[in-house]
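# Descriptive structure summary
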Amino acid sequence: MIANFGYKDGSGEFFITIDTDKCDGCGDCIPVCTGGVLEIRENEFDPLTNDKMAAVKEEHRKKIKYSCAPCKITGSNKNIPCIAACKPLAISHSW
């Protein structure tokens, strides 16, 4: 399942997307996230398993545009630390 964490406003759409089918909950994205945006928690999209997944912390959902701005300046999704650290390629940004 594709989980979009973020928001849409008059200036655009700002989302971090986690493919919950690909995310294995390894946590490699957590230490490289300079904004402290990500966390590992229970996979709320598949409650029948005990799987873990990366997700955006609730306090960052409505300010992704600003929380992720320092990394987004790189100009390329493949250079964003959390995306680069994700071996199963489960994380993407859209804005």
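That block above? That's the structure.
Residues numbered from 1 in each chain as written. Predicted model: local features only at pLDDT ≥ 70, side-chain atom pairs only at ≥ 80, totals over all residues. Heavy atoms only, no water.

Turning next to the environment of I18. Along the chain, I18 turns up in strand β2 (residues 12–19). Judged by its relative accessible area of 0%, I18 falls in the buried class. C-alpha separation for the pair I18 and A90, spaced 72 residues apart in sequence, amounts to 5.4 Å. Among all residues touching I18, those that are not within four sequence positions of it are M1, I2, A3, F5, C23, M53, A54, A90 and I91. (Helix = DSSP H or I, 4+ residues; strand = E, 2+ residues; numbered from the N terminus. Buried < 20%, exposed > 50% of the residue type's maximum accessible area, 1.4 Å probe, protein only. Contact = heavy atoms within 4.5 Å.)

In terms of nonpolar packing, the biggest core is built from 24 residues, with I16, I18 and I91 touching the most fellow members. Contributing elements (two or more residues each) for this core: β1 (2–9), β2, β4 (52–56) and α4 (81–85). In terms of residue count, β4 provides more of this core than any other element does, four residues in total. (Core = buried A, V, L, I, M, F, W, Y, C linked by side-chain atoms within 4.5 Å.)

Here we come to the sheet that holds β2. An order of β1-β2-β5 is seen for the three strands of this open sheet, with the pairing classed as antiparallel. Both edges of this open sheet fall to β1 and β5 (91–94), since each of them pairs with a single strand only. In this sheet, adjacent strand axes meet at a mean angle of 10 degrees when their direction is disregarded. Two elements, β2 and β5, share four bridges in a ladder whose sense is antiparallel. Residue pairing for β5: I18 is matched across the bridge by I91. (Pairing = 2+ DSSP bridges. Axes fitted to C-alpha atoms, helices over the stretch in contact; angles between N-to-C directions.)

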